[in-house]
Amino acid sequence: MENVKDKQHYKFTTLSFILINIWALYGFFEYFTDKDGFIRGFGLFIFYVASILSCLILGFILILLRILYFKKGRKNKLRANFFYIFTGIFNAYIFIVWLICLFLKILPIGKPLTFYILGNLVISLFILLDIYHIKNLKTTNDVVVENI
């Protein structure tokens, strides 16, 4: 299995990072331009939760497509798809934002949100390992040394 590293892959990865930064900047500036104090923080939290749920749903659908429809013969079609790359990177980004919020003590760890965030971690690990993991075991140069 060859690693998916062509120009289109790099273009999709770069576009994913740009869109994720736009998403983060939108949330940041929406928070500071809202006038109401309580609504401002609550609106940002709802924006974050909606992003978590949308990433989970999109990731779950894409993983089901990957497992059921795009098996061995057509796996590179989905692995080189923009939405597949974007979903893997965005789920990882959502998880990293959650970790930062935990370290800064903005969000507590005991909330039901933790279950969904761990789903984001699992989806991002599955997708990113599916895209970037090299499984070419036939060309490895393993040396077996016996009775030295």
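Residues numbered from 1 in each chain as written. Predicted model: local features only at pLDDT ≥ 70, side-chain atom pairs only at ≥ 80, totals over all residues. Heavy atoms only, no water.

To continue, consider the environment of Leu-65. Tracing the backbone through its elements, the reader meets Leu-65 in helix H2 (residues 37–68). Of the residues examined, Leu-65 reaches a relative accessible area of 34% and is grouped as partly exposed. Taking C-alpha positions, Leu-65 is 8.5 Å from Leu-78, a pair spaced 13 residues apart along the chain. (Helix = DSSP H or I, 4+ residues; strand = E, 2+ residues; numbered from the N terminus. Buried < 20%, exposed > 50% of the residue type's maximum accessible area, 1.4 Å probe, protein only.)

For the structure on display, the rule yields one salt bridge. Between Arg-66 and Asp-130 there is a salt bridge, with the nearest N and O atoms lying 2.7 Å from each other. Within this pair, whereas Arg-66 is found in helix H2, its partner Asp-130 is found in helix H5 (residues 113–132), the two being separated by 64 residues in sequence. Taking the relative accessible area as the measure of exposure, Arg-66 reaches 12% and is therefore buried. Residue classification places Asp-130 among the buried positions, given a relative accessible area of 11%. (Salt bridge = Lys/Arg side-chain N within 4 Å of Asp/Glu carboxyl O.)

The subject of this paragraph is the nonpolar core. Judged by nonpolar contacts, the single largest core of 28 residues is most densely connected at Tyr-48, Ile-52, Phe-90, Ile-94, Trp-98 and Ile-117. Counting residues per element, the ones that place at least two in this core are helix H1 (7–33), H2, helix H4 (82–103) and H5. Of all the elements, H4 adds the most residues to this core, at twelve residues. In contact with Ile-94, not counting residues within four places along its chain, are Trp-23, Tyr-48, Ser-51, Ile-52, Cys-55, Ile-117 and Asn-120. (Core = buried A, V, L, I, M, F, W, Y, C linked by side-chain atoms within 4.5 Å. Contact = heavy atoms within 4.5 Å.)

Scored by pLDDT, the chain has a mean of 78; 73% of the residues are at 70 or more. When mean pLDDT is taken per element in the chain, H4 scores highest with 90 and helix H3 (residues 75–79) scores lowest with 71. Predicted confidence is poor over residues 136–140, with pLDDT under 50, and the contacts of this stretch with residues over four places away or in other chains come to one contact. (pLDDT = per-residue confidence, 0-100.)

For any pair of aromatic rings, geometry is given as the distance between the ring centres together with the angle between the planes. In this structure the tally under the stated criterion is ten aromatic pairs. Ring geometry for Phe-82 and Phe-86: centres 5.7 Å apart, planes at 25°, overall stacked. Note that Phe-82 and Phe-86 are positioned in helix H4 at a spacing of four residues, about one turn of the helix. Here Phe-82 matches Phe-86 in class, with each residue buried. Here Phe-95 and Trp-98 contribute two aromatic rings whose centre-to-centre distance is 5.9 Å and whose plane-to-plane angle is 40°, an arrangement assigned as tilted. With Phe-95 and Trp-98 both in helix H4 and three residues apart, this pair spans about one turn of that helix. Residue class for Trp-98 comes out buried when judged on its relative accessible area of 5%. (Phe/Tyr/Trp six-rings, centres within 6.5 Å; stacked < 30°, edge-to-face > 60°.)

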